[in-house]
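Observations on the model geometry
Here's the letter readout for the chains.
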Amino acid sequence: MEAKDILTVSLSAFAVAVALISFFMNYRQKHYENKRNVRKSLTEAIAELVEISIERNKLDIDKDIPLTQLTNLRRLMNSKRRYLANHVEFLIPEIPELVTDIDYNVLAGAFEAIGDYDKSQQYWDACVDTSINPVIRMQNLRGSARFQFSLGNSQLGRRKYQESLEINLPDSDNLRRMRADTFAMWAQVELDYGYVDEAKRLKAQALGAAGSIGHGLMKEEIIQRIEHDLQFSA
């Protein structure tokens, strides 16, 4: 093969290589842009679901809205919530590696609110499984435990609360407070579902956990809150 033929072949091979590299770089860039756009859409939908929950809570404490209007507003909110939850569920498989525990947390709450308890269970499990650290896992387990109580699965709910309390965390005032909060939240759920003796036992544990807090003002604040929130009729 003459030198000019070798040069021609070499230039052709080089051109092909450049074209392939350009193709893969463009593909990679488009793939990245697509994932970023999906993540943006997911974030916006999750934010709207959170906003609906806030507005719904405001409705529940507003005593001036007529009953008929209140019922219609609740229906509209639930319709929007169902639409957004289905949209989020559609987006998740597109970017599973970019979905976080808080996304699953909000989605689980949305499906619970519209009465789809199977999907709520699915996403509570995913929420706990994707917790980014032990502290977040503790918080997500508490939410999952409360959900179990709402289904009538009090024993499973108790196991999940207990699991959250058994997570090995550093010993600090903020985490002692979190333990006290967890006992208090558990006690409140027991009380709400009529398990008064369990609620009393857990209130005592909440106060005990709060008593281990070193910071005086923090300790006083949480003890007062526990005493205020967990009161039992004679």
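In this report, the structure presented in the accompanying data block is examined. (Residues numbered from 1 in each chain as written. Predicted model: local features only at pLDDT ≥ 70, side-chain atom pairs only at ≥ 80, totals over all residues. Heavy atoms only, no water.)

To continue, consider the overall build of the protein chain. The helix and strand tally for the protein chain stands at 9 helices and 0 strands. Taken from the N to the C terminus, the helices and strands of the protein chain come in the order α-α-α-α-α-α-α-α-α. Put simply, the protein chain has 234 residues, and 34% of those count as buried. A separation of at least 24 residues holds for 61% of the contacts in the protein chain among residues at least 6 apart in sequence. When the accessible surface of the protein chain is split by element, carbon and sulfur atoms take 57% of a total near 14,300 Å². (Helix = DSSP H or I, 4+ residues; strand = E, 2+ residues; numbered from the N terminus. Buried < 20%, exposed > 50% of the residue type's maximum accessible area, 1.4 Å probe, protein only. Contact = heavy atoms within 4.5 Å. Areas by Shrake-Rupley, 256 points an atom, 1.4 Å probe, with all protein chains shown as cover.)

Here the focus is helix α4 (residues 117-129). The end-to-end C-alpha distance of α4 is 18 Å, a good match for the 18 Å that 13 residues give at a rise of 1.5 Å each. Those residues of α4 that fall on the buried side of the exposure criterion are Ser 120, Tyr 123, Trp 124, Ala 126, Cys 127 and Val 128. The elements touched by buried residues of α4 are α2 (67-91), α3 (101-113) and α5 (134-150). (Expected span 1.5 Å × (residues − 1).)

Counted at 1.5 Å a residue, the expected span for α2 with its 25 residues is 36 Å, and the 36 Å between its end C-alpha atoms agrees. Among all positions in α2, only Leu 70, Met 77, Arg 81, Leu 84, Ala 85, Val 88, Glu 89 and Leu 91 are buried.

With that settled, consider the packing of aromatic side chains. Under the counting rule described, the total for this entry stands at 5 aromatic pairs. Here Phe 111 and Tyr 123 contribute two aromatic rings whose centre-to-centre distance is 5.9 Å and whose plane-to-plane angle is 15°, an arrangement assigned as stacked. One end of the pair, Phe 111, is in helix α3; the other, Tyr 123, is in helix α4, and 12 residues separate them in sequence. Both residues of the pair, Phe 111 and Tyr 123, count as buried. Taking 6.2 Å as the distance between ring centres and 55° as the angle between the ring planes, the aromatic pair formed by Phe 149 and Tyr 161 counts as tilted. A residue pair is termed long-range when its members are at least 10 positions apart, and Phe 149 in helix α5 and Tyr 161 in helix α6 (residues 154-165) qualify at 12 residues. The pair Phe 149 / Tyr 161 is uniform in exposure class, with both members buried. If you follow Arg 158 out to its NZ or CZ, it ends over the ring of Tyr 195, 4.6 Å from the centre. (Phe/Tyr/Trp six-rings, centres within 6.5 Å; stacked < 30°, edge-to-face > 60°. Lys NZ or Arg CZ within 6 Å of the ring centre and 35° of its normal.)

Here the focus is the pattern of salt bridges. Inspection of the entire model under this criterion finds 19 salt bridges. Notably, a salt bridge pairs Arg 56 with Asp 60, separated by 3.4 Å at the nearest N-O pair. Placement of the pair is Arg 56 and Asp 60 together in helix α1 (residues 3-61), with a separation of 4 residues, close to one helical turn. The closest approach of N and O atoms between Arg 201 and Glu 198, which form a salt bridge, is 2.9 Å. With Arg 201 and Glu 198 both in helix α8 (residues 196-211), this residue pair falls 3 residues apart, about one helical turn. On the basis of relative accessible area, Arg 201 is assigned to the partly exposed category, the value being 38%. Among the charged side chains, a salt-bridge network with shared partners connects Arg 177, Asp 181, Glu 221 and Arg 225. (Salt bridge = Lys/Arg side-chain N within 4 Å of Asp/Glu carboxyl O.)

Before going further, it helps to spend a moment on the side chain of Asn 140. Counting through the fold element by element, Asn 140 comes out in helix α5. For Asn 140, a relative accessible area of 4% gives the class buried. A distance of 3.5 Å separates the side chain of Asn 140 from the backbone oxygen of Cys 127, its partner in a polar contact. Excluding residues within four positions of it along the chain, Asn 140 makes contact with Asp 101, Asn 105, Trp 124, Cys 127, Val 128 and Ser 131. (Polar contact = N/O pair within 3.5 Å; in protein donor to acceptor, adjacent residues only side chain to side chain.)

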